[in-house]
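Structural description and commentary
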Amino acid sequence: MKFLINISTDSELIGYEAIALAFTLASFDHQVQLYFDGGSHHLLTDDTSRLYGMVQSLALYDLPPAWHGFTPEVLATFDAKILAVFGEKTADDTAETVLNF
């Protein structure tokens, strides 16, 4: 099954649950694409948040680079470790299930 998980929360707990769900689904051979937007950038710039460390593990779960909807100004606040987890958003919108956090 193909999942798109939209993460726009600024809550560390909700963001953690969304990433944990993505890792669990990927462990059971589901295709998962993460999309970050909204207030989630606060969690990605805080190197003490759990989300900061978790998104750096996408490759370990064979997840593709995450997509984002951040402005260039927001991206300028990210360090190289976080920027490395993002890739180009493709036109592939064939997700069977979309989950919003």
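Report on the accompanying structure. These numbers were taken from a predicted model, which means no experiment stands behind them. Here, residues in each chain are numbered from 1, in the same order as that chain's written sequence. Reporting in this predicted model follows two pLDDT cut-offs: at least 70 for local features of residues, and 80 or more for side-chain atom pairs to be given and counted; totals over whole chains, interfaces and linings ignore these cut-offs and use all residues. The side-chain figures draw on all heavy atoms in the structure; neither hydrogens nor water molecules are used.

This part takes up the nonpolar core. With 27 residues, the main nonpolar core has Ile5, Ile19, Val32, Leu34, Phe36, Leu44 and Phe86 as its most contacted residues. Secondary structure counts use DSSP, requiring at least four H or I residues in a row for a helix and at least two E residues in a row for a strand, with both numbered from the N terminus. Elements represented by at least two residues in this core include exactly β1 (2-7), α1 (12-27), β2 (31-36), α2 (40-44) and α3 (50-54). Looking at this core, the element that brings in the most residues is α1, giving 6 residues. Residues within four places of phenylalanine 36 in sequence aside, it is in contact with Ile7, Ile19, Leu44, Leu51, Val55, Ala66, Trp67, His68, Gly69, Phe70 and Phe86. The set of buried Ala, Val, Leu, Ile, Met, Phe, Trp, Tyr and Cys residues whose side-chain atoms join them within 4.5 Å is what this entry labels a nonpolar core. Exposure is judged per residue with a 1.4 Å probe applied to protein chains only, and the accessible area is read against the type maximum: over 50% gives exposed, under 20% gives buried, and values in between give partly exposed. Whether two residues touch is decided by their heavy atoms; if any such pair falls within 4.5 Å, the residues are in contact.

All right, on to the pairing of β1 then. The element β1 is largely enclosed, with a buried count of 5 among its 6 residues. Judged from the 6 bridges that link them, β1 and β2 form a sheet pairing that is parallel. Paired with lysine 2 across the strands is glutamine 31, a residue of β2. The crossover handedness rule: strands pointing away from the viewer, path from first strand over the helix to second strand clockwise, crossover right-handed. Taken together, β1, α1 and β2 constitute a β-α-β crossover, and its handedness is right-handed. A strand pair is defined by DSSP finding two or more bridges across the two strands.

Let us now look at the packing of aromatic side chains. For Phe, Tyr and Trp, where Trp contributes only its six-membered ring, two rings pair if their centres lie within 6.5 Å, and the inter-plane angle classes them as stacked under 30 degrees, edge-to-face over 60, or tilted in between. Per the stated rule, a full pass over the model turns up 5 aromatic pairs. When the ring of phenylalanine 23 is compared with that of tyrosine 61, the centres are 4.0 Å apart and the planes differ by 5 degrees; the resulting orientation is stacked. In this pair, phenylalanine 23 sits in helix α1 while tyrosine 61 sits in the loop between α3 and β3 (67-68), placing the two residues 38 residues apart along the sequence. Between phenylalanine 70 and phenylalanine 86 the ring centres are 6.2 Å apart and the planes differ by 85 degrees, which places this aromatic pair in the edge-to-face class. Pair noted here: phenylalanine 70 is in the loop between β3 and α4 (72-75) and phenylalanine 86 is in the loop between α5 (80-83) and β4 (97-100), with a separation of 16 residues, a long-range link. Phenylalanine 86 matches phenylalanine 70 in its accessibility class, with the two residues each being buried. Every member of this aromatic cluster is reached through a ring pair, and the members are Phe36, Phe70, Phe78 and Phe86.

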